[in-house]
Every structure is written in C-alpha cells, then in structure tokens.
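# Residue-level structural notes
So you can see what is in the structure, the chains are spelled out below.
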Amino acid sequence: MKKALITGVTGQDGSYLAEFLLEKGYEVHGLIRRASSFNTERLEEIYRDPHESGVHFLMHYGDLSDSGSLVNLIRALEPDEIYHLGAQSHVKVSFDIPEYTADASGMGTIRMLEAIRASGVDTRFYQASSSEMFGSAPPPQNEETPFHPRSPYGVAKVFAYWAAVNYREAYGMFAVNGILFNHESPRRGETFVTRKTTRAVARIQAGLQDKLYLGNLDAKRDWGYAPEYVEAMWMMLQHPEPLDLVIASGEAHTVREFVQIAFDHAGLDWEQHVEVDPNYFRPAEVDYLLGDPSKAKAVLGWRPRTSFEELARIMVEADIKLLEDERAGRLVRQDRDRYR
C-alpha cells in the first residue's frame, strides 16, 4: 500500500486529494495545525476512527514553521509521496499580512524540502504552484512564460517554485511544480470570489441577503473544477520524470460572466443585487490569466472535463442545498429546545 502525506489537508484541494488517494488504495496522512477548534468540515466523510471504518486516513499535528516537527514526521512515516498544498492562499489577504504569507507560502516550502533531505526518505514531492506567479505576464501563459507576480502571495509562490527546482537539481530530488490556474468547487473558501458569489446567490434567493459586494468584475481568469485538478497532481507524481506543468482549462472568463451565470441559474437578475466596492480591489491587479495546458495534455493525458457554465451551476446548487440544510437544522434544534 502506497503512503502519502498531504499538507493543507483541511483545504479544498487537500480534502479532494485525500478522498482521491484513498480511492486509489493509499494510506493517507494529513498535516494539521493545532487550533482552538477543529477545521475538518471538508473531511467529514473520511475523518473517523480508522480502526472502526477501515479508512486508512490519519492526521498529525505539525506546522510549516516548525522544521523539527516536519523532519520527525517525514522520518516516521516514510511517505512514498508528499503533496505540499499548505499555504496562506488568499491573494488579497497577502497584501495585509505579507510577512506571514512569505513565511507560510515561501519558507514553508523550503522547510518541507529540507525536511525531506534531512530525513533521508526517498519520496516524490509535489509543490502547489499558482497561476498568480504569472501576474501581469501576457496571456496565454505556459511553462516558458516569465513570472511577473503582482502580490506578496505570487512572490512567495515564485520563491517556492524555484526552491523545488533547486532541490531537484542540487540533490536529485523528485520534485515537481503543478502550476494550477483557478480551480473551484463547493468546498472553496467563502472569501474567494466564486464561492462568495454562489453563497450570496443562495442567501438572496432565500430572502436572507439583498446585496453582494465585489471588486474587479472585469478580471479574467481560467477556471476549472477542483476534483479534476487534484487528479492532475497525482498524475504528475506517477510520471517517470519530474516535470513542472501548467494545469488549466485553456479558457478565460470574466468575474462578471461567472456572476451572471450563477444568478441566472437561481432565476435572479444579478444587476439588481451586485455592487462594486473599491475596498475589494487589490493594490496591484492581475487582469488576465489564461493557461495553456498543452504540455500536460500531451505528457499526462490530462484534460478538464467540467465546463465553466457547469462549474457555476454545481456551486450554486450545492450552496442552495447547504443553506436549506443549515436552516432545517436550526429549526430542528429550535423545536427540540422548545420542548425541553
């Protein structure tokens, strides 16, 4: 049985990747930071007692700022594959906490790579790189496009990218960079523009909210479906040679297009509910990201399967159901409390 370690396992990508690897028959280990409350909602289907469920999934406390814990964990587990997804991943927030972003997203990668080297474990390493590294580079962007990041997050990711390349060249490590363009799902964090939109659509339809405030509606992004993108991560580590690859849909759409499709699907007029708030603009905007996944298609045989329109519909329907379930749960609790 193959063994995998995932940092950032509680996030969107980490949770989908954990499920994917378990279906492949892996023993999966996740790194989780100690906090005052659990942040494991995305892992509810697999986060249970492995002795009772037969699911080979375990979580371990650790932190990307603690080199010793990383070395000890990797040495103890001896994973066949490491998927490094952990980071401060919100671009707008990175302008507010640039130093923390640089430490978590940049230095955290160096610590992981050095922990692999220091432990002496023979493993394959996946670095979660980002389209934000391209920034203002003209589209379409591929593996040969020069980086021009426009945020502390993008800068930190460029650092991490070259760290993975350096350890591959210096120590012969099997280390790869997956340069993933935007990928969304119902598990996307609620502060990201797509999920913020679909969550608002559900609440507006239910009469719980009237306005949605957004930033740059003209920004163009290459959007895909997260479960398909984590499959690409796995495929990269199965390839005989370590390669850095762009993973994208090859199509770009504006934020306005996503908003319109999401509201239309719920029978709402987006122009009656959406307002632009300058507070949501970045100090340095990234106007146009469009990935060229030709190499990934040729080398891995990977292709996106979910269209932009279908992605928006999936997210809207999931958030409508989530809100219905939340409201039903509150009603049940209220009834229960009334008759105590």
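See the structure above.
Now for a description of the structure that goes with this document. All chains use their own residue numbering, which begins from 1 and follows the written sequence. Only residues with pLDDT of at least 70 are given local features in this predicted model, and only at 80 or more are side-chain atom pairs given and counted; all residues enter the totals for whole chains, interfaces and linings. Side-chain metrics in this entry use all non-hydrogen atoms of the structure; hydrogen atoms and water are not considered.

### As for the overall build of the protein
Per the convention used, a helix needs a DSSP run of H or I reaching at least four residues, while a strand needs a run of E reaching at least two, with both numbered from the N terminus. A tally of regular secondary structure across the protein gives eleven helices and 13 strands. Each radius of gyration is computed over the set of C-alpha atoms, and the globule rule expresses the reference value as 2.2 Å times the number of residues to the power 0.38. Taken against the 2.2 N^0.38 rule, which gives 20 Å for 340 residues, the C-alpha radius of gyration of the protein at 20 Å falls within 12% of a compact globule. For the C-alpha atoms alone, the extent of the protein along its principal axes is close to 60 × 55 × 40 Å. Expressed as a percentage of the 340 residues in the protein, the buried residues total 53%. Note on contacts: a residue pair qualifies if any of its non-hydrogen atoms lie within 4.5 Å across the two residues. Contacts spanning at least 24 positions in sequence make up 79% of the contacts within the protein whose residues lie at least 6 apart. As displayed, the protein offers around 15600 Å² of accessible surface, 48% of which is attributable to carbon and sulfur atoms. We call a residue buried when its accessible area falls under 20% of the maximum for its residue type, exposed when it is over 50%, and partly exposed in between, using a 1.4 Å probe and counting protein chains only. Note that accessible areas follow from Shrake-Rupley with a 1.4 Å probe, and for residues the cover is restricted to the protein chains shown.

### Observations concerning the nonpolar core
What makes a nonpolar core is a set of buried Ala, Val, Leu, Ile, Met, Phe, Trp, Tyr and Cys residues whose side-chain atoms join them at distances within 4.5 Å. Counting 37 residues, the largest nonpolar core has Ile6, Leu21, Phe57, Tyr83 and Tyr126 as its most contacted members. Ranked by residues supplied to this core, first place goes to helix α8 (residues 226-238) with nine residues. In contact with Ile6, not counting residues within four places along its chain, are Gly14, Leu17, Ala18, Leu21, Val28, His29, Gly30, Leu31, Tyr83 and Leu85. With 26 residues, the next largest nonpolar core counts Leu212, Trp223, Trp270 and Met315 among its residues.

### Structural notes on the sheet that holds strand β3 (residues 57-61)
When DSSP finds two or more bridges between two strands, those strands count as paired. Across the sheet, which stays open at both edges, the seven strands sit in the order β3-β2-β1-β4-β5-β6-β11 with parallel pairing between neighbours. The open sheet is flanked by β3 and β11 (245-247), the only strands paired with a single partner. Between one strand axis and the next, the sheet turns by 25 degrees as a mean value, whatever way the strands run. Sitting on the sheet, helix α3 (residues 67-77) touches β1 (3-7), β2 (27-32), β3 and β4 (81-84), and the angle it makes with β1 is about 160 degrees. Here an axis means a line fitted to C-alpha atoms, over the contact stretch when the element is a helix, while the angle between two N-to-C directions is reported on a 0 to 180 degree scale.

### A look at unusual backbone geometry
In terms of backbone geometry, most residues other than glycine have negative phi values and most peptide bonds are trans. Between Pro139 and the following residue, Pro140, the backbone shows a cis peptide bond with an omega angle of -5 degrees. Here Pro140 lies in the loop between β5 (124-130) and α6 (152-171). Phi is positive for Glu78, close to 50 degrees, though the residue is something other than glycine. Inspection of the secondary structure puts Glu78 in the loop between α3 and β4. Taking the relative accessible area as the measure of exposure, Glu78 reaches 54% and is therefore exposed.

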